[in-house]
Amino acid sequence: MEKINSSPLCYKKGKLHFDNIPLETIAGKVKTPFYLYSEKTLLQNYNHFLESANKAMICEPLICFALKANPNLKLLKSLAKNGAGADIVSGGELKRALDAGIKASKIVFSGVGKTKEEIIKGIKAGIYSFNVESIEELEQINLEAKKLKKRARVAFRLNPKVHAKTHKHISTGFKTHKFGILKSDILKAVKNKKYWTHTDLVGLSMHIGSQLTCLKATKKAVKELGLLANEVNRPLEFLDVGGGLGVDYGPEEKKNFSTPYEYMSLISKELQSSFYKNYAFDNQTRIVFEPGRVIAARAGAFITKVIRTKKSEDCFFAIVDGGMNDFVRTSLYGAYHEILTEKKGAGKKVKTDIVGPICETADCFGTGRSLPRLNPGDLISVGDVGAYGFSMASHYNMRELPKEIIVSSKGKLS
Ligand code: LLP
C-alpha cells in the first residue's frame, strides 16, 4: 500500500493550486492569514487508515480521531458521517464532538486532569470510555457515577515505561511522564472492589507519544498492553493503542516513515502473540485507534501574505502577516514545514527567512529557504498544517485568530 503523501497543493502553469483551485482566486476572497483545508484529503487519509487496519486483519477497528489535532466543526461532521469516533481531552472537545454528530458510544476521554464537571458531562453523555490516568481519577469517576445513579465505562491507560523517539515535549510513555498508570498499580486496582461499585472495566489503553517515526517503542508498548490485558483476566471490549503515527514533513526529517499498513501490521502481529492467543473469554476484543496528525496534517495549508521584505547584510527576510500566534509548531518544536510561493518563479532563488510580525525571534516559519525572490503582497503557503495548526493558535500580541476555509469534496469553498 502506498504512503499517505497526497498533498492538496500543486503547481499548474507555474501557479500554486489547492485542490485544483488557484490559490490567488481563494486569497482574493479571504483576508490573509488563513487556514485552508481539503475535505477530500482528510477523508482520503481517514479511509486509508481504516482500510489499512482491515487489510492487516484488524476486525471492526474503531477510529477515534484526536480532536486536539483539528476540532473544525465542518471537518468533524465529515469524519462523523464516515463513521469516525473521537478521542477527546476536555469538556469543550466533548461538546464539539457531539455537536459534530459523533456518537457518544464512539467517544474516548483521555487526559490526566479531567475535572469533576467534565467527568459528570462524560457520564451523562454515556461515552464509550474514560481512559483513566490515575487511580485517584478512577475513584472520582466511581463517586460521580454513584451520585448520578449511573455506571461509567472505564479503561486504564497503561504507562508502559517506554521511550518513544520523538520531540521530548510530545513523548508520553515513560514512567517520569505524567501520563498513564504503571502495570503493578493497575493490577492492584482491578482487584480492589471499592473502585468498581459504579464503574465497569471495559478496556485498556495506551498512548506513548506523537510524531512517531521509529516504531520500536510502539512495538514494545503494544506488547506490554497485550500482556497486561491477559493478566487483568477480565473480558475486555477493547484495547486502545492510542495515536502517534508520524508524518513526513519534509527534507529536514530524514527518517524512515512507516505507512499506516506497516503500523497496523505491527500492532496486529504483536497483539496476536501477546494477547489474542491466550485470551480466555468468548467476547470479541476490538482495537481502538486515536490518530490525529496522520489524518489531518496534510489536509491543511496556512496561507499568509508578505507585508514587506528586509535585507540586513547577507540576511533576506520576508515579513509575512501570519505569526507564531497563528501557527506555532515551527517556533515551539523547531518543526520543519514546507513553504511554497504562489508563483513558482523561474529566476534565481534567494535564501529567505520567512518571519512573522510577533516580537520574538522564534516567530519564524523557516530559515534560509531557497525561494523565488519575494515582494510585498506575494502569497506564501506553509504546508501540512492541518494537525496542531489552528487548534494551537492564540491571541498572542492581541492578534485576531486566523480564519479557516474549507474546500469541500465537491470543490466548493466555505
Ligand atoms: N491520543 C492521545 C491521548 C494524545 O495525547 C494524542 C496527542 C493523540 C491521541 C493523537 O496523537 P497523533 O496521532 O496526532 O500523533 N502539538 C504537538 C502534538 C501534541 C500531541 C498530543 N497528544 C505537535 O504539534 O506536534
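Please read these numbers as outputs of a predicted model, since none were measured by experiment.

On to the site of the ligand. The ligand sits among 19 residues. The nearest are Ser210, Glu290, Arg329, Tyr333 and Tyr388. Glu290 is positioned such that a nitrogen or oxygen atom in its side chain is 2.6 Å from a nitrogen atom of the ligand. In this structure, an oxygen atom belonging to the ligand sits 2.6 Å away from a side-chain N or O atom of Arg329. Surface burial for the ligand is 91%, taken as the share of its 590 Å² of free accessible area covered by protein chains. Taken together, the residues of the shell around the ligand sort by class into 6 nonpolar, 7 polar and 6 charged. Of the domains in this structure, domain 1 (9-38 + 297-407) and domain 2 (39-296) are the two that each give at least three residues to the shell around the ligand.

Attention shifts here to the sheet that holds strand E6 (residues 85-88). Strand order in the closed barrel made by the 8 strands is E5-E6-E7-E8-E9-E10-E11-E12, with parallel pairing throughout. Ignoring which end each strand starts from, the neighbouring axes of this sheet average 30 degrees apart. Bridge analysis of E6 against strand E7 (residues 107-109) gives 3 bridges, and the strand direction is parallel. Within the sheet, the bridge partner assigned to Ile88 lies in E7 and is Phe109. Here helix H8 (residues 216-232) sits on the sheet in contact with strand E10 (199-205) and strand E11 (238-240), set at roughly 155 degrees to E10.

Moving on: the domain arrangement of the chain. Looking at the chain, the domain boundaries give domain 1 (9-38 + 297-407) and domain 2 (39-296). When each unit is reduced to the centre of its C-alpha atoms, the spacing between domain 1 and domain 2 is 33 Å. Between domain 1 and domain 2, a total of about 2000 Å² is buried, with carbon and sulfur atoms accounting for 54% of that surface. On the surface where domain 1 and domain 2 come into contact, there are 13 residue pairs in polar contact (both at pLDDT 80 or more). Secondary structure elements with two or more residues in the side of domain 1 that touches domain 2: strand E4 (34-38), helix H11 (329-333) and strand E19 (403-407).

Taken N-terminus to C-terminus, the directions of helix H2 (residues 39-55) and helix H9 (residues 260-274) make an angle of 40 degrees; their axes are 8 Å apart at the nearest point. As judged from the angle between their axes, H2 and H9 are oblique. Viewed along their axes, H2 and H9 form a crossing whose handedness is right-handed. Residues His48, Phe49, Ser52, Ala53 and Lys55 of H2 lie in contact with H9, whose contacting residues are Pro260, Tyr261, Tyr263 and Met264. Its residues placed into classes, the contact of H2 with H9 shows 6 nonpolar, 2 polar and 1 charged.

Now for helix H7 (residues 183-191). Residues of H7 that are buried: Ile186, Leu187, Ala189 and Val190. The arc that holds the buried residues of H7, viewed along the axis, is 165 degrees, so those residues lie on one side. Relative to its buried face, H7 has exposed residues pointing more than 90 degrees away, namely Lys188 and Lys191.

Rules of the game
- Residues numbered from 1 in each chain as written.
- Predicted model: local features only at pLDDT ≥ 70, side-chain atom pairs only at ≥ 80, totals over all residues.
- Heavy atoms only, no water.
- Near = heavy atom within 4 Å.
- Polar contact = N/O pair within 3.5 Å; in protein donor to acceptor, adjacent residues only side chain to side chain.
- Areas by Shrake-Rupley, 256 points an atom, 1.4 Å probe, with all protein chains shown as cover.
- Nonpolar A, V, L, I, M, F, W, Y, C, P; charged D, E, K, R; others polar.
- Domains from an automatic or database assignment.
- Pairing = 2+ DSSP bridges.
- Helix = DSSP H or I, 4+ residues; strand = E, 2+ residues; numbered from the N terminus.
- Axes fitted to C-alpha atoms, helices over the stretch in contact; angles between N-to-C directions.
- Contact = heavy atoms within 4.5 Å.
- Buried area = accessible area lost by both parts, 1.4 Å probe.
- Parallel < 35°, antiparallel > 145°, perpendicular 65-115°, else oblique.
- Left-handed = near helix turned anticlockwise from the far one by under 90°.
- Buried < 20%, exposed > 50% of the residue type's maximum accessible area, 1.4 Å probe, protein only.
- Arc of directions from axis to C-beta.

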